[in-house]
Amino acid sequence: MARTLQFADMDKMLSLSKRRGFMFQSSEIYGGLGSTYDYGPLGVELKRNVKEAWWTSVVTERDDVVGLDSAILMHPKIWEASGHVENFSDPLVECKSCNRRYREDQLEATKCPECDGEFGDPRRFNLMFRTFMGPVEDTSHELFLRPETAQGIFVNFTNVVNSSRKKLPFGIAQIGKAFRNEITPGNFTFRTREFEQMEVEFFVKPGDDEEWLNNWVTSRFQWYLKYGIREGNLRLRRHDGDELAHYAKDTYDIEYRFPWGWGELEGIANRTNFDLGRHSEASGTDLTYFDEESKERYIPYVIEPSGGVDRATLAFWLDAYDEEPDGDNSRTVLHLNRHLSPISIAVLPLSRNERLTPTARHVYDTLRKTFSTQYDDAQSIGRRYRRQDEIGTPYCVTVDFDSLEDHSVTIRERDSMHQDRVEIANLVNIMRDRLDHGW
Ligand code: GAP
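Scope of this entry: the structure provided in the associated data block. (Residues numbered from 1 in each chain as written. Predicted model: local features only at pLDDT ≥ 70, side-chain atom pairs only at ≥ 80, totals over all residues. Heavy atoms only, no water.)

**Concerning the site of the ligand**
Line of reasoning, step 1. Surveying the vicinity of the ligand reveals 21 residues, the closest of which are E148, R180, T192, E199 and E264.
Line of reasoning, step 2. One of the side-chain nitrogen or oxygen atoms of Q197 is found 3.0 Å away from an oxygen atom of the ligand.
Line of reasoning, step 3. R311 has a polar side-chain atom sitting 3.5 Å from a nitrogen atom of the ligand.
Line of reasoning, step 4. Counting only elements with at least two residues in the shell around the ligand, the list comes to β10 (194-204), β13 (261-272) and β16 (301-308).
Line of reasoning, step 5. With five residues, β13 is the single largest residue contributor to the shell around the ligand.
Line of reasoning, step 6. A per-class count over the shell around the ligand returns five nonpolar, six polar and 10 charged. (Near = heavy atom within 4 Å. Polar contact = N/O pair within 3.5 Å; in protein donor to acceptor, adjacent residues only side chain to side chain. Helix = DSSP H or I, 4+ residues; strand = E, 2+ residues; numbered from the N terminus. Nonpolar A, V, L, I, M, F, W, Y, C, P; charged D, E, K, R; others polar.)

**Observations regarding the environment of C115**
Line of reasoning, step 1. Within the secondary structure, C115 sits in the loop between β5 (101-103) and β6 (123-126).
Line of reasoning, step 2. Placed 53 residues apart in sequence, C115 and R62 show a C-alpha to C-alpha distance of 54 Å.
Line of reasoning, step 3. Aside from chain neighbours lying at most four places away, what touches C115 is C95, S97 and C98. (Contact = heavy atoms within 4.5 Å.)

**Re the sheet that holds β16**
Line of reasoning, step 1. The strand order β3-β9-β10-β16-β13-β12-β11 describes an open sheet built from seven strands, whose pairing is mixed. Only two strands of the sheet have a single partner each, and these edge strands are β3 (65-67) and β11 (234-238). The sheet shows a mean angle of 25° between the axes of neighbouring strands, direction not considered.
Line of reasoning, step 2. Those strands touched by helix α6 (residues 157-164) are β3, β9 (170-179) and β10, and its axis lies near 135° from that of β9.
Line of reasoning, step 3. Contacts from helix α7 (residues 209-226) reach β3, β10, β11, β12 (250-258), β13 and β16 within the one sheet, and its direction differs from that of β13 by about 150°. (Pairing = 2+ DSSP bridges. Axes fitted to C-alpha atoms, helices over the stretch in contact; angles between N-to-C directions.)

**Some points on the nonpolar core**
Line of reasoning, step 1. By size, the foremost hydrophobic cluster in this structure holds 55 residues, and its most contacted members are F22, W216, W223, Y224, F316, W317 and L318.
Line of reasoning, step 2. Not counting residues up to four positions away in its chain, the partners in contact with L318 are A8, M10, M13, Y256, F258 and P259.
Line of reasoning, step 3. Counting 19 residues, the second largest nonpolar core, distinct from the first, contains Y364, L367, F371 and M431. (Core = buried A, V, L, I, M, F, W, Y, C linked by side-chain atoms within 4.5 Å. Buried < 20%, exposed > 50% of the residue type's maximum accessible area, 1.4 Å probe, protein only.)

Structural measurements only, silent on function.
Right, here's the structure in full:
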């Protein structure tokens, strides 16, 4: 579909976000907490739909991936074995005059951009948040908030193999919160200190890893296209050797062209046998796998597609935004994929006339059992269509005075604004068909 805008304007998106309830600054009435956000009534539905679309694609539709929901708090030795205590850090420099802190690797200037002051010596800053378990706050009770969900999967590898009887190659998927004390968070929900990840650890026989890396890169890239990101705004970038994480042999990033430039949505890494090997050694538990076909025992290699829920939600939302010419005016519309839209169907009585209300409420009560549905009878029908366009609702169902006679309603489609009339008795089946298969 031809679009008017290539990029969304961030100021307009922030205004839309606040006005319509997508994302809000966290703790706003107390002046806000830096770089933390809350999802409003529409944002939470959009984010739930993104997670559902991911889960459907990597778990429900596959025979070789099972799910997991592991705890955020984990044994502190996990983070020593995984290398995060030693390596999960960014280079930090602090201005000697104003004490502002920056990530050295993201700085172009040699002096403080804020006050032109001199920087002190760079030092490594570990990004893990610390907390204490129980009532005593000493180092023997110190824990970390997980900086990635992946480790919860690695330490459950044997539990899942034994309980699910899965054979290699197979994966474990998980969606959950992760925390990083980022030195320079920013760009709205792109880089925050509390965020959600959706990760798969896909275990393969050593030697099969490179082929599986390619498979996952292709299928994850296709997923973003399938759910509406325009091809020109998505690209794949392979990591240079000096960029690779401490556990990775090879990594591809899927990047989106955000209004401020290209940024990572998801990394697909070949983590080799690093994590299972380290946990085997550190815990003393044998995490090898017995391959019944080859009669060998080995530590599996791991391919890891690791995406950010908040970044994907942000990218789908930004990419859907358009302002289309509409006569002398323009129409703001979110062309969200219909599986991601916060509201699938809006039921709109032509007016608040009391004769229309019973039929309109009946239609609404019927649809809401199956679909995410909103009832809106405030203001003119034209303004209500515009309100639904702006939040990306793919279908409006209008109840008018003819509906009382012919027991039919008008379906109005968001993108083409095409309208057609269908019988109320068939409405659920028709809507299911259109939501599943398109306009
Ligand atoms: N387990 C591998 C891992 O955590 P990562 O590249 O550090 O890899 C994976 O993170 C994804 O998590 C990123 O591609 C990004 O989408 C998301 N992510 C990472 N840090 C984030 C942050 N500070 N704010 C929002 N999302 C973040």
